[in-house]
Structure formats: C-alpha cells, structure tokens
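Examination of the molecular architecture
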Amino acid sequence: MTHDVRLVVPALAAWLTAAVAIGFAPAVSYALAAGAALAAVAVLVPRRPGARPLFLGAVLACAAAAAAGVALRATAVGTGPVPDLARAGRTATAEAVVTGDPQATGGTRRTITIRARVERVRGTDVRVPVLLIVHGHRRLDLVPSQRVRFTGRFREPRDDRLLAAVVLVRGAPSVLSPPSGVQRAAEVVRAELRAATDVLPPGQRGVLPAMVVGDTSRIPPDLADDFRTAGLTHLLVVSGANLAIVIGAVVGLCRLVGLGRRAPPLAVVAVCAFVIVARPDPSVLRAAVMGVVGLLALLAGRRRQGLPALGAAVLLLVLIDPALARSYGFALSVAATAGLLVLAPPWRERLARRLPGPLADALAVAAAAQTAVAPILVTLSGEVGVVSVLANLLAAPAVAPATLLGALAAVVAPLSPPLARLLVRPAGLAVGWIIGVARVTADLPYATVPWLAGGLGAASLLAAAAAVVLVLRSSRARLVVAALLTGILVAVIALRVTAPGWPPPGWRMVACDVGQGDAVVLAAGPGRAVVVDAGPEPGPVDACLDRLRISDVPLLVITHPHADHVDGTPGVRDGRTVRRVLTTPRTSGRAARTARGVPARPALPGQTWRVGDLALAVIAPLATGPPLSRGDDGSTINNASVVLVARGPGFSALLAGDIEADAQRVLAGAVPPVQVLKVPHHGSRSQDRRFLAAARASVALISVGRGNDYGHPSPATLALLRDLRVRVHRTDREGDIAVVPTAAGVATVSRE
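Residues numbered from 1 in each chain as written. Predicted model: local features only at pLDDT ≥ 70, side-chain atom pairs only at ≥ 80, totals over all residues. Heavy atoms only, no water.

1. A short note on the layout of surface pockets
By rolling a water-sized probe across the atoms, one finds the places where empty space is left. One number sums up the size of the second largest pocket: a volume of about 500 Å³. Together, 18 residues line the second largest pocket, and Val-246, Ala-270, Phe-274, Ala-407 and Val-411 are the ones closest to its centre. Every element with two or more residues in the lining of the second largest pocket is listed here: helix H6 (202-213), helix H8 (240-256), helix H9 (263-278) and helix H15 (388-412). By residue number, the principal contributor to the lining of the second largest pocket is H8, which donates six residues. Classifying every residue of the lining of the second largest pocket by side-chain character gives 18 nonpolar, no polar and no charged. (1 Å grid on protein atoms, 1.4 Å probe; cavity = no way out; pocket = protein on both sides within 12 Å on 5 of 7 lines; lining within 4 Å. Points joined across faces, edges and corners; volume = space filled by probe spheres on them. Helix = DSSP H or I, 4+ residues; strand = E, 2+ residues; numbered from the N terminus. Nonpolar A, V, L, I, M, F, W, Y, C, P; charged D, E, K, R; others polar.)

2. A word on the sheet that holds strand S18 (residues 608-611)
As summarised here, the arrangement of the seven strands in space is S18-S19-S20-S21-S22-S23-S24, forming an open sheet in which the pairing is mixed. Of all the strands in the sheet, the pair left with one neighbour each is S18 and strand S24 (727-730). Strand-to-strand twist across the sheet, computed as the mean angle between neighbouring axes with direction ignored, equals 20 degrees. (Pairing = 2+ DSSP bridges. Axes fitted to C-alpha atoms, helices over the stretch in contact; angles between N-to-C directions.)

3. Remarks on the packing of H6 against H15
The interhelical angle for the contact between H6 and H15, taken along N-to-C directions, is 85 degrees, at an axis separation of 9 Å. The angle between H6 and H15 falls in the class roughly perpendicular. On the side of H6, the interface is formed by Leu-208, Met-211 and Val-212, while H15 contributes Val-399, Ala-402, Thr-403, Gly-406, Ala-407 and Ala-410. Its residues assigned to classes, the contact of H6 with H15 comprises seven nonpolar, two polar and no charged. (Parallel < 35°, antiparallel > 145°, perpendicular 65-115°, else oblique. Contact = heavy atoms within 4.5 Å.)

4. Concerning helix H19 (residues 538-547)
Considered for burial, the residues of H19 that qualify are Val-541, Asp-542, Cys-544 and Leu-545. Down the axis of H19, the buried set is contained in an arc of 160 degrees. They therefore lie on one face. Against the buried residues of H19 lie strand S10 (509-511), strand S11 (520-523), strand S12 (529-532) and helix H21 (569-573). Following H19 by one or two positions, Arg-549 adopts a phi angle in the positive range, close to 60 degrees. (Buried < 20%, exposed > 50% of the residue type's maximum accessible area, 1.4 Å probe, protein only. Arc of directions from axis to C-beta.)

5. Section: helix H4 (residues 81-88)
Three or more residues of H4 are buried, namely Val-82, Pro-83, Leu-85 and Ala-86. One face of H4 carries all of its buried residues, which in axial projection span an arc of 155 degrees. A positive backbone phi angle near 65 degrees is found at Gly-89, which sits one or two residues after H4.

Read these as spatial facts, not as claims about activity.
Laid out in structure tokens, this is it:
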C-alpha cells in the first residue's frame, strides 16, 4: 500500500499544482489530491518514519516541477508576436502546423475547430499553440503534421494560459506541405477503415471507427446525444479497454508462436503504433503510458500493480504536458480507471456471493466506473445519469467483439479491403446492439436527473453518496428509505399516467430540442405555426413539428446564416407547406438557397407581420452594412441576427437570435417588456445586463445542446438571469419546452 501511495500521491500533487497554476481545475482534482495526500501523510507515512522526509520531498518536488512546467509554458505562449496580435485583436497571415484532427462543433459540419502550432507570422519564426476556428466549410481534410497558411483575426483565449490565441480564420487554410510519413500512414489506416464500414448502416459506420481508432467524424449528432444520456460516451473514445485488447492480442499471439519473452517489447511497439493511429488524446495518452509502465514491470519480472501504473502514467503525462491537468477528458479517464482498480475488486467479491460470477464481474465494473466519474460528470453537465449502470451492463457483452473485430479490420483494411469489409459485418452486429441499448435507455423516463452543476454539485453528490453508505449500514434506515422511495416511485408513475400528452393544450410557443442550435415554433392556428430558425440538422426540427402536428408554415424566419440555425431548413419543409422565408437584410442568400422555391424577403426594423392571432414585430437588425460573407467572423454574423417580438392572446416573447453584447447594448432601449425571453446565442457569456433586464421576462428559454464544446450556457449568464429573477429552462435538460398562457402569466411544460 505504501508503494502505491509513493507513486499516486506525487502524481496527484503534480496534477493539482498544474491545474491551479493554469487557473482552472476539475473539482475532482481537488478531492482526489486532498484525500490521497491526507490518507498518506496521516495514516501511512507515520508507520514508516524513516520514509517521511523522502516521501514529502518527492511530493514537493513533483508539485514544484509541475508549477515550473506551467510557468515556462505560460511564459512561452504569453510573449511574442502572436499574443501581441491577440491582445490587439488584429488580422494577420500566419503559417502553422496542424496538431490535432479538425473537430466539427455543436453538431454541425460548418463550424470547425483545429488545434495547431503557429511557426511563422509576419516574417518572424515562433512556436506557440493556437486554436483555429473555421466557418462555412463542410469538411477540411487536414491531418496532424500538415503545414498550412491562413489569414484570420487573432483574439485572446478565455481562461487558458497555455494557449497563445484563438484565430477566426477567413476562408479555408491553404495546405503548404503534406503530412509526415507516419501521420500519412495513420490516416491511410483510418480512411481505409471508414471505407470498409461503408457497407454498414449509418449509425454503425459512425460508431465502429470511434470505438476502434477514436474517429467520431461520422457519428450522427442525435446518436451522440443518446450515448451521452445513456452513459456510454466512453465507448466513443479510445481508452484503456482498447489498449488492453491490443496488448492482450499481441501477448497471446507471441505466446502462441513461441515468442513469449519478446511479447512485452512487441506490445510496446504495438501500443505506440496504436497511439499514432488513434491520435494522442488525453484518454489514449493515459492508457498508453499506463500500459507501457505495466509492460516494463512485466519485463523486469515484477508483479504488475494497477495503482502504481496509473500513478506513473498521471505523473509522467502531467509533467510532460501540464495542459492535461485542466482536461476533463483526462480527469474522466483517470477517475474511471481508478474506480476499476479500487472499487471494482471488493464490489465484485460481495456481489459474487449472491450472483453468478460473470454477472457479478460485469455489474461491479460498470458500477465502479460510473461511481468514480459521477462527480466530474455532474460538474460538467449538472445531471446524474440514472440508467448508466444498466446501459453499460447491457452493452458490455458486445464491446469486446466489436472492438476486436474492428481492430482486425483496421489492420487488414490497407492490405485487403474485401477482407476488411467481411470483418466489419459481424463487428457491425455487435455495434448495432450497443446502439440499440443507447437509444432505448436514453429514451427511458428520467434517464437523467437534474443536479447542481460545478464544484458545488460535485460536493453535494459526494455528500449524498456518503449518506447512502450510512443508510445501507443500518437495517432500520434501509426500511425507512425503501418506504420513502417506494412512495416516490408510485407518485411518479401516477403523475406520468395522469399527465396530459404532448403538446400541452393551449400552447403558444415551443423551443424545440434540436441540439446545439435554435428552432422556435409559434402557434398561429390549428396545424399552423411560424418557425423561427431550423436548427443544425433536418431530423430534429422535423420530428418536433411532427409532434406538434404542424402541416402549414406561413412564415419561416432564419435569423442569421449560421449552420446551427439554417441547416435544418429541409426538415421544416419535409411534408409541409412553407409560404414565405424572412431573413436578415444583410444575408448573402444562403438562407434563401436552402429554401429554394419559397419567396424570401428581408426583415427590416419596424415591420409587423400578422399570422392569425399572432403578431411579429421586427426590431433588428439595421439594414446598413455590407452583405455577410464567409470571411466574416462569428460575432459579425451573430450581430446581424433578426430580432423579433412575438405577441398573441395572453403571451409575449422576445426572440433575440444570436446577438452578442455589442448589438444588445445598441438595442437595449428598444426592447419592450415581455413574458418570455429566448436567451441570445444559447446562453453564451457575451450578454448585456441592460438588454436582458429591459425584457422584464419571467421565463427564459435557452436552446442548447448537451455536452456542447462551447461551454454554453455560461455560468456567468445563468447567474445574471438568476439575479434578474428569471426562471431558466434549457432544452439540453428538458427537451422540447412549451409555453402555455395561464391566469397568472405563463407556464412552461417540458416534454421530457
């Protein structure tokens, strides 16, 4: 045990120190580091007094090394021409090397983020990390190690001392050189695996490459949401399970052909090759280093121990790359592994007394992993997954076959595509089972339970877990709690049975759950509605309108030409009559092109539109300014949004598109009092207090996607709305949200 602590506690000390030095730390970092340090110093170290100075010195040395690493990195990225450009908000042309795969954000293929390292700007050689944001391109075929040239506006990153700038790129980066030979080979493997999976249905062809090599480029957004709700997201990233299969296969094959002594070195080579193909993401790095450490212990003839290997992995990675200390993905990966090492064995022993061995193993593993990551997930999402253990238990039998067959297909795909297509078919069957489990469990009532977000949420969840442990130790307390839970269950079932169906009678407005995007429906008579924005994909908005039984859309308003508002337009038109499209006067015509054949008109301030008993007044944007283009940055396009005030019997709402603080300040004096506020820009941080206060709304609706990459809604915006005494409702937690007039004002009814 002391041997474990000597490796684990210094690793956690380095992690915590680096996280604090960067200016941000996952809540679990504090809990794990403090708990382990106290346990070590207060319990274990006194048993061996001679080791105390050496042990404490190692802890302090690791913490100092982590702090020094952060300081050196922050100094490097905080000085020079790139941060100077960012502080001034200037536009420049630069050359950079791509360091990560392009990532489509918010469920749309039109906004792409790319990790890169700028190496030349304005004639000066530099070497600093940046984040590139590219708008308006469906796919960028860039591979790590490629050199590119781009022109864009440099901006200061928020709360990230280890990033020199965020660059809003104009157009698409131009490629200056091909990828390195190693990365070219890795991309061939990934591309051939994608090609082999083309024989599978859409969901399976997206999930299988994700499970095998971490390629999530073809996973439908709604399926990703189902995996997240079901607690199966860990299957869509490469982790220790994948490497365990690789190492096990190599070791087993070596023993089969009589190369048992050469198995560890060959396994290390296989792990390195796997990391290159799967890309060095946090979970991959953690699993790779842990696997290599374990293999070295095996090669040295020592018994492999999990906690020392995990501690060594964390320590090495945090010292090499301090930025991992603020990565939630890294924290999730480490916590899940620690849960499997610490919690699963004793739980397995207790369960095996009453359950069959395989079932006890599967249940202990699923419960241990979910318990360990629960505080981090609550910190991120403000939700507690109720069905995650069940979903993992049901999916477990199919994970190994899918991963093993998929890995074999990835190996043979560059050599024999027909054989690879043959291998992916049975792998697809296993993946199909996992997808079915994700969809069914995600659709269960109360699959997730709302909880406090942030560090307070993690602390309260840990306190609740401690209370549960105390209850389970008392037979009398167990009876009382069981009776209470039974009563709550009966009440919930009765409420579900007697509650009215969807949509609720008399609804006037519905914020559709379309993921990271906007789609608002305003009732205009039986079967008729005005639709404001269409979301990022056709499917979700089409399903929402079907549920509302809308067949006629007299007016479709596209507030601005961002993909998360316009790309779902075909879903609005599917099986419905759309009579007119209203767009921002500064549009480049993209909205009209997506609704080809439907008359389009610009929305001008002062216009009023009437549809049945619904009235719409346009208060923004001004028609002045050049037409929007692909080269405009996101804020410029957001601030050109159409802003509407909707009024009907017993109902009024302000629909503010994605306008940001600059435009909000200009419009604050023109905002009338309303009952409902559709919060601009998915609740981003860029909000003006005067604008929000001028609406005097009692209800705020935030249309936002679960687990989005933007951090929406911002905690600062939520705090501002609470300070204004506005009730906040979010589509990522409640699904479709309907607004219904009542005698006392308006009420909201959630579909979930």
